Amino acid sequence: MKTTTVVVDYDYASGKTSTHDSVQSAKEFMLHGGSGIYTAMRTVSNRRRVFLFEDHMQRIVNSYKMVLADGQHSNNTVEYWSTLLGPLIRHGLNMYSGNGENKITVLVGKNGVQIQLAKLQEPDGASCWVRFVGGKRDHPEAKDLQWVHEREVLEQLIVSPINEVVLVDSAENVRGSRFYEGTSSNFFAVRRISDKGQQQQLTFKDYELVSAPLDSVLLGTVMKLVLRICETDKIPVRYQPLVELDAWEGAFVSSTSRLVLPVGGIAFGDNGQMSQKLDAENPLVMHLRERVLHMATERLTDI
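I will try to describe carefully the structure that is included in this document. Source: prediction; values computed, not measured. (Residues numbered from 1 in each chain as written. Predicted model: local features only at pLDDT ≥ 70, side-chain atom pairs only at ≥ 80, totals over all residues. Heavy atoms only, no water.)

**Considerations on the overall build of the chain**
Each helix and strand counted, the chain has 7 helices and 16 strands in total. Here the C-alpha radius of gyration of the chain, 20 Å, is about what a compact globule of 303 residues would show, namely 19 Å. Taken along its principal axes, the extent of the C-alpha atoms in the chain is 65 × 40 × 40 Å. Expressed as a percentage of its 303 residues, the buried residues of the chain come to 52%. Long-range contacts, defined as pairs at least 24 residues apart, comprise 71% of the intrachain contacts of the chain with a sequence gap of at least 6. (Helix = DSSP H or I, 4+ residues; strand = E, 2+ residues; numbered from the N terminus. Rg over C-alpha atoms; globule rule 2.2 N^0.38 Å. Buried < 20%, exposed > 50% of the residue type's maximum accessible area, 1.4 Å probe, protein only. Contact = heavy atoms within 4.5 Å.)

**Digging into the nonpolar core**
Core analysis: the largest hydrophobic core is formed by 63 residues, its most contacted members being Phe132, Phe187, Val226, Trp248 and Ile266. Looking at this core, the element that brings in the most residues is helix H6 (residues 221-232), giving 7 residues. Once residues within four sequence positions are removed from consideration, Ile266 is found in contact with Trp129, Val130, Phe132, Phe187, Leu245, Trp248, Met274, Ser275, Gln276 and Leu278. Of all hydrophobic cores here, the second largest spans 28 residues; its members include Leu68, Ile89, Tyr96 and Ile303. (Core = buried A, V, L, I, M, F, W, Y, C linked by side-chain atoms within 4.5 Å.)

**Structural notes on the pattern of salt bridges**
Summed over all chains, the structure comprises 18 salt bridges. For Asp302, the salt bridge goes to Arg49, with nearest N and O atoms at 3.1 Å. Taken together, the residues Asp302 in strand E16 (residues 300-302) and Arg49 in strand E4 (residues 46-51) connect sequence positions 253 residues apart. The exposed category is assigned to Asp302, whose relative accessible area is 57%. Classification of Arg49 by relative accessible area gives partly exposed; the value is 29%. Overlapping salt bridges, with partners in common, bring together Asp55, Lys224, Arg228 and Arg299 in one network. (Salt bridge = Lys/Arg side-chain N within 4 Å of Asp/Glu carboxyl O.)

**Some details on the side chain of Asn76**
Relative to the helices and strands, Asn76 resides in the loop between helix H2 (53-67) and helix H3 (78-95). In this structure the side chain of Asn76 is engaged in a polar contact, spanning 3.1 Å, whose partner is the backbone oxygen of Val61. At 2.6 Å, the side chain of Asn76 forms a polar contact with the side chain of Trp81. What Asn76 contacts, discounting residues up to four positions off in sequence, is Ile60, Val61, Tyr64, Lys65 and Trp81. (Polar contact = N/O pair within 3.5 Å; in protein donor to acceptor, adjacent residues only side chain to side chain.)

**Quick word on the packing of H6 against helix H7 (residues 283-295)**
Look at H6 against H7: their axes get within 10 Å of each other, and the N-to-C directions meet at 110 degrees. As summarised for this structure, H6 and H7 are arranged roughly perpendicular, according to the angle between their axes. Where H6 crosses over H7, the handedness of that crossing is right-handed. Together, Val222, Leu225, Val226, Ile229, Cys230 and Thr232 of H6 and Leu288, Arg291, Val292 and Met295 of H7 make up the contact between the two elements. Class assignment of the residues belonging to the contact of H6 with H7 gives a composition of 8 nonpolar, 1 polar and 1 charged. (Axes fitted to C-alpha atoms, helices over the stretch in contact; angles between N-to-C directions. Parallel < 35°, antiparallel > 145°, perpendicular 65-115°, else oblique. Left-handed = near helix turned anticlockwise from the far one by under 90°. Nonpolar A, V, L, I, M, F, W, Y, C, P; charged D, E, K, R; others polar.)

**Here's the deal with the layout of surface pockets**
By rolling a water-sized probe across the atoms, one finds the places where empty space is left. Each pocket or cavity is described by its volume, and for the second largest pocket that value is around 200 Å³. In terms of lining residues, the second largest pocket is bounded by Arg42, Glu122, Pro123, Gly125, Ala126, Ser257, Arg258, Leu259, Val260, Leu261, Arg289 and Leu293. Those elements that place two or more of their residues in the lining of the second largest pocket are strand E14 (259-268) and H7. With 3 residues, E14 is the single largest residue contributor to the lining of the second largest pocket. (1 Å grid on protein atoms, 1.4 Å probe; cavity = no way out; pocket = protein on both sides within 12 Å on 5 of 7 lines; lining within 4 Å. Points joined across faces, edges and corners; volume = space filled by probe spheres on them.)

**As for the packing of H2 against H6**
Any two packed helices are characterised by the angle at which their axes cross and by the distance between the axes. Across the interface, H2 lies against H6 with an axial gap of 10 Å and an inter-helix angle of 120 degrees. If you check the angle between H2 and H6, you find them oblique. Once H2 is placed against H6, the crossing between them reads as right-handed. Where H2 approaches H6, its residues Asp55, His56 and Arg59 are matched on the opposing element by Thr221, Lys224 and Arg228. In the contact of H2 with H6, the residues fall into no nonpolar, 2 polar and 4 charged.

**Things to note about unusual backbone geometry**
The omega angle of the peptide bond from Ser160 to Pro161 is 10 degrees, so this bond is cis rather than trans. Relative to the helices and strands, Pro161 resides in the loop between helix H5 (152-155) and strand E8 (162-168). Positioned with a positive phi, Leu52 is a non-glycine residue whose angle comes to about 55 degrees. Relative to the helices and strands, Leu52 is located in the loop between E4 and H2. Look at Leu52 and you get buried, because its relative accessible area is 3%. One non-glycine residue, Lys234, lies in positive phi territory at about 55 degrees. Note on placement: Lys234 falls in the loop between H6 and strand E12 (237-238).

Written out as structure tokens, the structure is:
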């Protein structure tokens, strides 16, 4: 039996709001959402508190400019969307009776807004595997619903233990290829920069973070938080997107549902038949994971 979710519909022209139950998953909800833009938020600690709410409103503003520039809103600002969507989300939360944390998926079209309230599906384990697959998004900077359709074929490759598919130039000749992002996440690798011996205790300060260039990926809300933490904690970030499996000692994916999820191994090759194991408890990965978890209890907006 499918879990019931709640959907809130808002029509720009009439200003009317309607609510109905649904059995669609978040993926199905987006696939049937028509054309437009989207963002996915989550609650943390309390079903009334949304993580990085203003960042998601800024994402809507940016994506609206790129995808829905001829839409009905000349007042495309963070304040406008916060004022409109906050009460709609609150209304949906009042109607939704699910337990635990919630996933809030917002679809913005030319004629209205749809919001789905559903149970947040968090990762099963403390770490995961990812698979490198050849490909690249044409317009990664926008949260366009068209991407939800384009990534369907990639999502078919997400079979246990694979948690995510990460796009690279070539899955067959992966070493030396450039890496980009996951179907619904950002990907980071970790390299050691100190010359400490194996017998010496390593800390997060002995490593640097490796990221795809920001203009080649969608800058996710959790990715932005990770980069802010690196700046605060003086962790060097190298925007060098070449796949260097032999030099990487750790990796992780970041997203709304995963926050920071360590990667214990990477599958690659035409059929994913080759693999490289990584340290899922790398000191820098663990440091960033704990810092994001801590920030997740602070960067909240009451709805």
